[in-house]
Amino acid sequence: MKKAQTADFPAFEAEMLKVWEKEKTFEKSLEQRQGAKRYSFYDGPPFANGLPHFGHSLVTSIKDALGRYHTMTGSYVERRNGWDCHGLPVEFAIEKELGISGKKQIMELGLQKFNDACRASVFKYKEEWEEFYRRIGRWTDTEHAYATIDRDFTESVWWMLGQVEAKKLLYRGYKSMPYCPRCETPLSNFEVNEGYRDNVPDPSLFVKFKVTDPEPREADVDGVYLLAWTTTPWSLPGNEALAVRPDEKYVFVKRNNEAGASEVLILAKKRLEEVFKDEDTFEVVDEVSGKSLSGLRYEPLYEVAGRPKSDNMFKVWASEVVSIEDGTGVLHVAPAFGEDDLNLALDNDIPVMNTVKRDGHLVDEVPLASVRNVFFKDADRAIIEDLTEKGRVYAAETFLHTYPFCYRCDSPLLYYAITTWFVKVSAVRDELLKTAEQTNWQPDHIKAGRFGKWLEGARDWAISRNRYWGAPLPIWVNEKDEDDYLVVTSLDELVKLAGLEGKPEDLHRPGIDDIIIEKDGKKYVRVEEVFDCWFESGSMPVAQQHYPFEREDVFTESFPADYVGEGLDQTRLWFYVLHVLSTIAFDRPAYKNVLVNGIVMAADGQKLSKRLRNYPPVEEVFATEGADVLRFYLLGNDQAVSADYMRFNRDAMRDIQRNVFGTVWNAHTFLTMYAEIDGWHPVRR
Ligand SMILES: [Zn+2]
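Not measured: the values here are computed from a predicted model.

## Let's talk about the pairing of strand E22 (residues 522–526)
- Note that strand E19 (residues 475–478) and E22 share 3 bridges and pair antiparallel. Within E22, the residue paired with Val 477 across the bridge is Val 525.
- In this sheet, E22 lies alongside strand E21 (residues 517–519) in antiparallel orientation, the contact comprising 3 bridges. By the bridge assignment, Lys 519 is partnered in E22 with Lys 522.
- Between E21 and E22, which pair antiparallel in sequence order, lie 2 residues; one of them, Asp 520, sits at a positive phi of approximately 50 degrees.

## Brief notes about helix H6 (residues 111–121)
- Of all the residues in H6, the buried ones are Leu 111, Phe 114, Asn 115, Cys 118 and Ser 121. Angular distribution of buried residues about the axis of H6 spans 120 degrees; they occupy a single face of the element. Across from the buried face of H6, at angles greater than 90 degrees, the exposed residues are Lys 113 and Ala 120.
- Check the buried side of H6 and you find it contacts helix H4 (88–98) and helix H5 (102–109).

## Observations regarding the pattern of salt bridges
- Scanning all chains against the criterion turns up 44 salt bridges.
- Glu 13 is paired through a salt bridge with Arg 135; the nearest N and O atoms lie 2.9 Å apart. Here Glu 13, found in helix H1 (residues 9–23), pairs with Arg 135, found in helix H7 (residues 126–136); they are 122 residues apart in sequence, far enough to count as distant. Residue Glu 13 shares its accessibility class with Arg 135, and that shared class is buried.
- Between Glu 95 and Arg 467 there is a salt bridge, with the nearest N and O atoms lying 3.2 Å from each other. With Glu 95 in helix H4 and Arg 467 in the loop between strand E18 (464–465) and E19, this pair connects stretches of sequence that are 372 residues apart.
- Taking the relative accessible area as the measure of exposure, Arg 467 reaches 5% and is therefore buried.

## Observations regarding the sheet that holds strand E24 (residues 561–567)
- Strand order in the open sheet formed by 3 strands is E16-E25-E24, with parallel pairing between adjacent strands. Two strands close off the open sheet at either side, each with one partner strand: strand E16 (440–442) and E24. Put simply, the sheet's adjacent strands are angled 15 degrees from each other on average, direction ignored.

## Digging into the side chain of Arg 650
- Assignment of secondary structure puts Arg 650 in helix H24 (residues 650–678).
- By relative accessible area, which is 15% here, Arg 650 ends up buried.
- Only 3.0 Å separates the side chain of Arg 650 from the side chain of Glu 625, close enough to count as a polar contact.
- The residues contacting Arg 650, other than those within four sequence positions of it, are Pro 616, Glu 620, Val 621, Thr 624 and Glu 625.

## A few points about the packing of helix H8 (residues 151–166) against helix H16 (residues 491–498)
- Contact pair H8 / H16: the axes reach a minimum separation of 10 Å and the direction vectors enclose 80 degrees. Looking at the two axes, H8 sits roughly perpendicular to H16. Contact residues: Arg 151, Glu 155 and Trp 158 in H8; Leu 491, Asp 492 and Leu 494 in H16.
- By residue class, the composition of the contact of H8 with H16 is 3 nonpolar, no polar and 3 charged.

## Section: the side chain of Ser 156
- If you trace the backbone, Ser 156 turns up in helix H8.
- Since its relative accessible area comes to 0%, Ser 156 is described here as buried.

## What about the sheet that holds strand E4 (residues 185–186)?
- The strand order across the open sheet formed by 4 strands is E4-E3-E15-E17, and the pairing between neighbours is antiparallel. Every interior strand has two partners, whereas the edge strands, E4 and strand E17 (461–462), have only one.
- Summarising the sheet, strand E3 (residues 170–180) and strand E15 (residues 414–423) pair through 10 bridges and their orientation is antiparallel. The residue bridging Gly 173 from the neighbouring strand is Thr 420, located in E15.

## Considerations on a nonpolar patch on the surface
- Together, Phe 670, Met 673, Tyr 674 and Ile 677 give the surface a local cluster of nonpolar side chains, amounting to about 450 Å² of exposed area.
- Among the structural elements, Tyr 674 can be located in helix H24.

## Quick word on the nonpolar core
- With 67 residues, the main nonpolar core has Phe 209, Tyr 250, Leu 293 and Leu 387 as its most contacted residues.
- If you tally residues by element for this core, the top one is strand E5 (residues 196–213), at 5 residues.
- Once residues lying within four places of it in the same chain are set aside, the contact partners of Leu 293 are Val 244, Tyr 250, Phe 252, Ile 266, Val 288 and Val 316.

## Description of the packing of aromatic side chains
- The tally for this structure, following the rule as stated, stands at 50 aromatic pairs.
- With a centroid separation of 6.1 Å and an interplanar angle of 70 degrees, the aromatic rings of Trp 83 and Trp 129 are classed as edge-to-face. Of this pair, Trp 83 sits in strand E1 (residues 80–83) while Trp 129 sits in helix H7; the two residues are 46 residues apart in sequence, bridging distant segments of the chain.
- Judged by relative accessible area, which is 3%, Trp 129 ranks as buried.
- Note on Phe 337 and Tyr 416: the rings are 6.5 Å apart at their centroids and 35 degrees apart in plane angle, and the pair reads as tilted. Taken together, the positions of Phe 337 in the loop between strand E13 (330–333) and helix H12 (339–347) and Tyr 416 in strand E15 put the pair 79 residues apart, joining distant regions of the chain.
- A relative accessible area of 3% places Tyr 416 in the buried class.
- Aromatic rings pair up to connect Tyr 179, Trp 234, Phe 337, Phe 375, Phe 376 and Tyr 416 into one cluster.

Procedures and definitions
- Residues numbered from 1 in each chain as written.
- Predicted model: local features only at pLDDT ≥ 70, side-chain atom pairs only at ≥ 80, totals over all residues.
- Heavy atoms only, no water.
- Pairing = 2+ DSSP bridges.
- Helix = DSSP H or I, 4+ residues; strand = E, 2+ residues; numbered from the N terminus.
- Buried < 20%, exposed > 50% of the residue type's maximum accessible area, 1.4 Å probe, protein only.
- Arc of directions from axis to C-beta.
- Contact = heavy atoms within 4.5 Å.
- Salt bridge = Lys/Arg side-chain N within 4 Å of Asp/Glu carboxyl O.
- Axes fitted to C-alpha atoms, helices over the stretch in contact; angles between N-to-C directions.
- Polar contact = N/O pair within 3.5 Å; in protein donor to acceptor, adjacent residues only side chain to side chain.
- Parallel < 35°, antiparallel > 145°, perpendicular 65-115°, else oblique.
- Nonpolar A, V, L, I, M, F, W, Y, C, P; charged D, E, K, R; others polar.
- Patch = residues over 30% accessible without salt bridge, like charges linked within 9 Å, V, L, I, M, F, W, Y side chains within 5 Å.
- Areas by Shrake-Rupley, 256 points an atom, 1.4 Å probe, with all protein chains shown as cover.
- Core = buried A, V, L, I, M, F, W, Y, C linked by side-chain atoms within 4.5 Å.
- Phe/Tyr/Trp six-rings, centres within 6.5 Å; stacked < 30°, edge-to-face > 60°.

Structure below.
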């Protein structure tokens, strides 16, 4: 027998893959272990509408190595992979493809057509993924893969929402989202990132809020004011609170105003020099801690008609979110128009007052006639003029900053509080920490660190999206009373409640929206929203088995998973949502062991970027160095397995090819050569 002088590893691999396929080696490895103890593994589903890339080779190598290892040590390791099919990335790609954008144009096209296009696209690159798995040598069952668009999957997701509702953890509330008023839709972060522009001129307004309670001590002044800074004067009618940093020093500054009267302004000590840089004569008359300012009451700038009445409005609160790097250290809080603002309101029981309509125009209830029904950005000037006339402006300038615009229609965006459905995660923090004790993390520090800290501060989870291509929320609301709603938790229940002939084949919009429930003489219609796709991937342990409607035994045997493994970025995403939903539904964690791998970066330390071409195509690596060398390199890399960032180093991979694989190959060649000469055969034991 003649051996090649130099080893062609990629060619060996191609032959081996053929053998595996022909002899069904993976399938046999499972058959041999039928009836053995299950070692359960949950596979996090990727999107199949995007191509697999180099970064996927690390996690897929780890998943494969562990599955093989536990099979070899005698366990039955089912390895079904899954596909994430819903969500904004899919819609985003379809809008681009069809050349449309936003709610209005989607509705004009027709929701059915739009969703059909989404459906047709979700498995666009399924074959490429399967080829990637095959070529890298990953043994996974693609034939029985689960997909989040399947009706069975969605039914289990509905059941999961039923568990949340049964524990009284489902509620409707506000969430602040970047929002385009022309498209009338919230945008996700990655969409917002598409539309930032630099050097956008905006007002920089220093505005005075008059302190009313307690009565100012200084008798000889015209008024005592908290000095706040804003770049969004249009949001001032929506002001409901002011916030200061509790640990900062604040100063009371006495000065003469433009009308010649003496007044006191309150601002952070650290901001004094910058804010008062053009003032010649002023006097610091007092210095207090931010904490001691909390509870002060002030006079609203505008009395919005019909506004909510609450003792918590128009008060000063202490908060860590207040910036001391710019402005005055006094934050103007408009809960309808900012994330920090809204959180402050929700944490302190301040009702949310919205002074901008969904189309971006100010409401009629604002007492200033010149801004009623005016587009928010166009209201700035009239408000500044009005406040100046009232003597409430300390300084008004224009400055340049970076501001987000809608990448679709160029409209300026705003943060906007919209109603959404929440899981009250904050109420189960203790349970989350308790069930997390039963989990084992590699590397260990993530358990109490990145993950544990996230659990300690867990916030309520907004699980609905005002979108189109997603699993529909199974919530039907009484047309006449929005607080009266039904959560449908199975298809049988839906059939019964709505008096249907049989189970609907497809649960997607718009078909599902036509199903009306009439109960006790009341008419219930489905809410428009779809699920956040993270709720779906978090329900995966039950939904992949269609539990509790089918395969209860398989679910019971395989839950919690013995092992899950994904990249560091999933710590606060998939690992988290799995943990939250399993804890709520079963009071148990979703997994026992987590292997968190690092993120592969380009050789220069930058993120892998298709555009910059800063990494080799994975097919090229397969063809040159081979999949085994790549896997050996990745799995042997300290950074990769310690959840660090690892720089891809092709030279290091070539060293492995030469020094490790080459050495093994030479030893093998040496042995077989002399074995042939001497007629030696290994003894089979
Ligand atoms: Zn827009």
